[in-house]
Every structure is written in structure tokens, then in C-alpha cells.
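# Residue-level structure breakdown
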Amino acid sequence: MNYKLRYFLMPVLVGTIAVSCDKKDLDEVSPSASFSTEGTNLAVSGNLIFADDMESGNPFSGAHGLELGAPHSLTSASRPGGGGKAARFELRQNDPDVKGSRRVEVTVVKDEVEKEMWYAYDVYFPAADFVDEDDDEVINQWYQSGLGTPSASIRSKAGRLQFRVGGDADAREKIDIGPVAKDTWLRIVVHMVHASGSEGLTQAWVNGKMVVDRKGANMYPGDLPKWKVGIYKSGWASETTTTNKRVLFLDNVRVGNASASLAEMTATTTAPTPAPAPAPAPAPAPEEPAPAPAPAPAPAPAPEEPAPAPAPAPAPEETAPAPAPAPAPAPAPEEPSKTYPSAWSKFNSDWWDKFFSRARGR
Ligand SMILES: [Ca+2]
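Residues numbered from 1 in each chain as written. Predicted model: local features only at pLDDT ≥ 70, side-chain atom pairs only at ≥ 80, totals over all residues.

### Considering the overall build of the protein chain
- When helices and strands are tallied, the protein chain shows 4 helices and 15 strands.
- When each of the 362 residues of the protein chain is scored for burial, the buried share is 30%.
- Contacts in the protein chain between residues at least 24 apart in sequence constitute 67% of all its contacts with a sequence separation of at least 6. (Helix = DSSP H or I, 4+ residues; strand = E, 2+ residues; numbered from the N terminus. Buried ≥ 20, exposed ≤ 12 C-beta atoms within 10 Å, placed from the backbone. Contact = placed C-beta atoms within 7 Å.)

Below, the structure written as C-alpha cells:
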């Protein structure tokens, strides 16, 4: 599908995703419908089964499901630091419960998850609205329905990011993957071979640096997990903590299949500039203006007959300065008007007579 067609079909496709109950068609439309390649330096490939750069203004419109408790839970926002849009998540301690706890979460993919997968997103923690505290919250998780605490998750706790992973619900490994850096963007990429046995693989990178490379179980026996992002703070369901508000931003959320690569998932995270409107064919350069036939004494007389319209060549949109008000384009000299405004002086009348005579070669 060529770019222009895709551009115009995009709202239709996104709408289709939004109302579809069966997300199995996501594979077909998501990679091309979610964002264009222009400006992203990201080659959309068949290896991405989900991609959202949030530029549509309708964050996660192609995701499997949303768990929102309030109008402020998930909104479209300017990308902090500039460069387009991002998804803004906000969770307050007194928000209504969603599925039994305080959360604002998006299930990005569920049925599309296969044994080997790639997951990636940009995350931004604003210093003012993400104050460190000991009570932790989940910012993304791999959740197996009905099996309780997720077998794998990334959490923030006391100013650190922590990857918790394991096949034993009572003994998940806790891996420190770096600080909850504030007022800056982090690119997190995770590669997983989902397994409850030794063939499992969990790898993670933060801003291109590998922080997890772990073999072994990363899920409980059972169905493959679904993947969720957002804010889930279980503590607030039953208690208050030292803060009552959590805000973070996500952008460039991608899910890749087994054939995806680290390079695909880490391709530049700079938000694209808005796609330029399809450029009109370059306006033809205006024909060279005919040289003025002679230095007419200003002000030029206004001929009674309306001056012929200037050549129809369109002026270039931005470059052509408005024509100076000086000597009106001389009408074609073949049939000059021989009448003059009554106010015109005899001097000028004589001058023009001589001029026109010369022009005719008389
Ligand atoms: Ca964006």
C-alpha cells in the first residue's frame, strides 16, 4: 500500500481496531496503521505486531484492552522534552478501584503473545509527580490470568527500577536495573522466551545497556502471559503511603515477534515530526517577467482598459514577494491604449506617443 493511501486510510483502520472485539486482525493492520515511517527512522517491518507512537492523539487505540478508573487515568499529552505526543498515565491514591485495586493499565497484547517475543517502550518519570518512596508499583507486567502476582514485572521502588522474574510464585528473582531517572526518557527493551522451564530466557536493556540476561523460567506453568503497561499500585487498595499521586509518560510502544531484533526495538525514539502534508508538485518557476520595454516615468498612467491579467503562472507560495507597487506591468505594446486620463499632463501624453511610435517601429 503506498504511503498516501495508507495516510488516508489510517483513521478508518484505527477505527476498525477500536471497535473490533476480536483482535486477531491486529496482525494485518497494526504495523502500518499505527504510525508512518516518515520522520521516525524506524523501518516498519512485519516483525512488529504492535506499534504506537501516540501521535494519533488516541493512545493505545489498537491495544487489546484498557483498565482506567478516572478521566485523568490515560490521556494524550505533549511529549515531555518536545517532539510530538506521548501517553500520560496518572494514578491517584483515591481513584476508584479497577479490577480490585488501584491501577491505570493497558493490556497491549494478549492473544498475539507467542513463545518468543520482544517488548519495548519509552518511559518518562516527571520529578514533581513521581516522588520516590519505599512502596513499590508495577510499571509493566507479564500477567497470566488467574495466577496472581505476575511472574515477570518491572517495578519502581525507592528510586530504583527492579525486574522481578521467575517461575516460582514464592521466589521470584529481583534484579536491579538502574535508577528511576527523572525528567528524562528511558528506552526499555525486553526480549523473552516465555517458559516455565529451563528453556526460558529473559533479557532487558535500558537505553541500550543490557541489564538483564537470565536463563530459566520466567512464567508459571499455564497459558502464555499477556503484556501490560501503566501504573499498578496494589498498596493503595488497602493503605496510604508517603505519596498520593503517580504520573508517568509512555511513548513508542512496540511489540515484536520472534523475528524482531534489538535494533528494530531500539530504533530512534525521537518522536516524529508531524507527517508533512503531501507535497504539491513543485510549482513551475514563473516565466521570466518580460523586461520592461522602457523606463517609464513614474507614476505610470493607469490604462483605462483593465490591464491584462498577469501570466497565469502561479507564484511560488512562499518565495515570491508581493510585486512592488511600482510601474504596473506594461501592457503588451501591440495595441496600446491611446487614451489618457484627463488629468494626465500633455508632457506625458507626448512622451507616450513617442514611446508607442518607437515601439511600433515607426
Ligand atoms: Ca510520540
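### Here we look at the sheet that holds strand E8 (residues 152-157)
- Pairing is antiparallel in the open sheet, where 7 strands are placed in the order E2-E5-E14-E7-E8-E9-E10. At either margin of the open sheet sits one strand with a lone partner, and together these are strand E2 (65-67) and strand E10 (173-179). Recorded for the sheet is a direction-independent mean angle of 15 degrees between the axes of neighbouring strands.
- Across 6 bridges, the pairing between strand E9 (residues 160-165) and E10 is antiparallel. Bridged to Phe 163 within E10 is Ile 175. (Pairing = 2+ DSSP bridges. Axes fitted to C-alpha atoms, helices over the stretch in contact; angles between N-to-C directions.)

### So, the nonpolar core
- By size, the foremost hydrophobic cluster in this structure holds 58 residues, and its most contacted members are Val 108, Leu 248, Leu 250 and Val 255.
- Sorting elements by how many residues they give to this core places strand E6 (residues 116-124) first, with 7 residues.
- What Leu 250 contacts, discounting residues up to four positions off in sequence, is Ala 86, Ala 87, Phe 89, Tyr 121, Asp 122, Val 123 and Val 229. (Core = buried A, V, L, I, M, F, W, Y, C linked by C-beta atoms within 7 Å.)

### Re the pairing of strand E1 (residues 48-52)
- For E1, the buried fraction is high: 5 of the 5 residues fall into the buried class.
- Here 4 bridges tie E1 to strand E15 (residues 245-256), and the two strands are oriented antiparallel to one another. Residue pairing for E15: Phe 50 is matched across the bridge by Val 255.

### Looking at the environment of Val 123
- Following the sequence through the fold, Val 123 ends up in strand E6.
- The sequence separation of Val 123 and Asp 183 amounts to 60 residues, and the corresponding C-alpha distance is 9.9 Å.
- Those residues within four positions of Val 123 in sequence are excluded, and the remaining contacts are Ile 139, Leu 186, Ile 188, Leu 248 and Leu 250.

### A few points about unusual backbone geometry
- With a phi angle near 50 degrees, Ala 158 is a residue other than glycine that sits in the positive phi range.
- Mapped onto the fold, Ala 158 is located in the loop between E8 and E9.
- Backbone geometry places Asp 183, a non-glycine residue, at a positive phi of 55 degrees.
- Here Asp 183 shows up in the loop between E10 and strand E11 (185-193).

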